[in-house]
Amino acid sequence: MIRLRLASCMAENSEGVCHAVARYIDDQLRVPTDYISGIPWQERERLFDEGDIQILWLCGLPYVQKADGSGNALELLAAPVPSGARYLARPVYFSDVVVRRHSPYRTLFDLRGAAWAYNEPRCHSGYNVVRAYLAEFSERQGFFGESLESGTDSASLQMVMSGKVDGAAIDSTVLEWILSERESVAERIRVIETIGPSPIPPWVISKQVSDALRIDLRTLLLRMHQDPIGRGILVGARMERFTTALDSDYDPIRRMAKAAEQVALHII
């Protein structure tokens with residue numbers, strides 16, 4: 001019997017929806033589907049690359065790196081559309097630059113020479129997009145006084161609130177989730193600038209999955225919002241729906257990655 005394994009390389013707010021979607025696939029398509037958790041996201045990505053995980057929610061930057069690499073073994077499955085007026089019903093998100101509420105900073109450029117946190121170098125929202133943005137203004141070297149790798153968006157945010165760093169760029173969908181779960185955070189931070197929009201991190205699928213099942217899975221996700229159970233899952237995840245994703249949709253990330261190559265934030 002075919003058995004699927006689904007995983008996420010996104011922030012912790014992705015766990016609930018991915019687990020629910022795995023159950024939904026199981027119930028709707030009668031294809032046993034396991035959600036893989038409890039291991040680092042790097043291990044989940046490795047297992048996907050090796051064919052041991054078939055469906056993965058993946059940051060846009062690693063997606064284009066894999067899609068453009070030799071031996072491309074994945075294809076786009078669908079793209080989530082976040083709920084919220086700022087997204088205009090599009091499969092996009094933003095990078096919100098946050099600082100402590102009572103700090104003097106008003107724009108990203110006020111942070112010149114300050115301490116900065118980023119989640120990790122293969123992340124678009126916290127690293128790639130910031131470098132590309134600085135490149136637009138011909139900022140090439142040593143903009144920040146110090147740059148520290150945190151590992152996750154939530155860790156970057158905690159470093160800002162604790163005073164270990166002065167600022168960080170946080171995935172807007174993650175920040176909104178954190179603010180909804182922990183109201184006290186809103187009292188401790190300010191968003192001073194928003195970069196984007198950027199194409200939303202896509203759901204991808206291994207080409208080892210049969211053509212017929214890939215079609216069934218894509219169709220199921222694209223119609224989730226039309227089904228009461230599926231719509232309930234999406235609402236709980238702060239998502240409107242899934243939409244069709246094309247490789248060309250991620251060309252902006254390719255362009256930003258090329259621009260970002262010109263910029264060193266500090267000692268990274």
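Everything that follows concerns the structure shown earlier in this document.
Values in this document were obtained by computation on a predicted structure and should not be read as measured data.

**Student:** Explanation requested: the overall build of the protein in the structure shown.
**Tutor:** Scanning the protein from N- to C-terminus turns up 10 helices and 11 strands. Here the C-alpha atoms of the protein give a radius of gyration of 19 Å, agreeing with the 18 Å that 2.2 N^0.38 yields for 268 residues. For the C-alpha atoms alone, the extent of the protein along its principal axes is close to 60 × 40 × 35 Å. In the protein, which comprises 268 residues, the proportion classed as buried is 52%. Pairs at least 24 apart in sequence give 78% of the contacts found in the protein among residues at least 6 apart. About 11,900 Å² of surface is accessible on the protein, with carbon and sulfur atoms providing 50% of the total. In the protein, the 30 positive side-chain charges and the 35 negative ones have mean positions that sit 2 Å from each other.

**Student:** How should I be thinking about the sheet that holds strand β10 (residues 203–206) in this particular structure?
**Tutor:** Backbone hydrogen bonds hold the strands of a sheet together, and the pairing may be parallel or antiparallel. Pairing is mixed across the open sheet formed by six strands, whose spatial order is β2-β1-β3-β10-β4-β11. Of all strands in the sheet, those with a lone pairing partner are β2 (33–35) and β11 (239–243), marking the two edges. Each adjacent strand pair in this sheet contributes to an overall mean axis angle of 20°, direction not counted. Running over the sheet, helix α2 (residues 41–49) touches β1 (4–8), β2, β3 (55–57), β4 (74–82) and β10 and is turned about 145° from β3.

**Student:** What should I look at first to understand helix α10 (residues 251–260) in this one?
**Tutor:** Given 3.6 residues per turn, any residue in an α-helix points the same way as the ones three and four places further on. The complete set of buried residues in α10 reads Ile253, Arg254, Met256, Ala257, Ala259 and Ala260. Along its buried surface, α10 packs onto α3 (60–67), α4 (124–136) and β9 (189–199).

**Student:** How should the packing of aromatic side chains be read in this particular structure?
**Tutor:** By convention here, two paired aromatic rings are described through the distance between centres and the angle between planes. Taken as a whole and judged by the stated rule, the model has 11 aromatic pairs. Arranged with centres 4.5 Å apart and planes meeting at 10°, the rings of Trp116 and Phe144 form a pair that is stacked. Taken as a pair, Trp116 in strand β6 (residues 115–118) and Phe144 in the loop between α4 and β7 (146–149) lie far apart in primary sequence, 28 residues in all. Put simply, the rings of Phe109, Trp116, Tyr133, Phe137, Phe143 and Phe144 pair up and form one aromatic cluster.

What counts as what
Residues numbered from 1 in each chain as written. Predicted model: local features only at pLDDT ≥ 70, side-chain atom pairs only at ≥ 80, totals over all residues. Heavy atoms only, no water. Helix = DSSP H or I, 4+ residues; strand = E, 2+ residues; numbered from the N terminus. Rg over C-alpha atoms; globule rule 2.2 N^0.38 Å. Buried < 20%, exposed > 50% of the residue type's maximum accessible area, 1.4 Å probe, protein only. Contact = heavy atoms within 4.5 Å. Areas by Shrake-Rupley, 256 points an atom, 1.4 Å probe, with all protein chains shown as cover. Lys, Arg positive; Asp, Glu negative; His and termini not counted. Charge placed at Lys NZ, Arg CZ, Asp CG, Glu CD. Pairing = 2+ DSSP bridges. Axes fitted to C-alpha atoms, helices over the stretch in contact; angles between N-to-C directions. Phe/Tyr/Trp six-rings, centres within 6.5 Å; stacked < 30°, edge-to-face > 60°.

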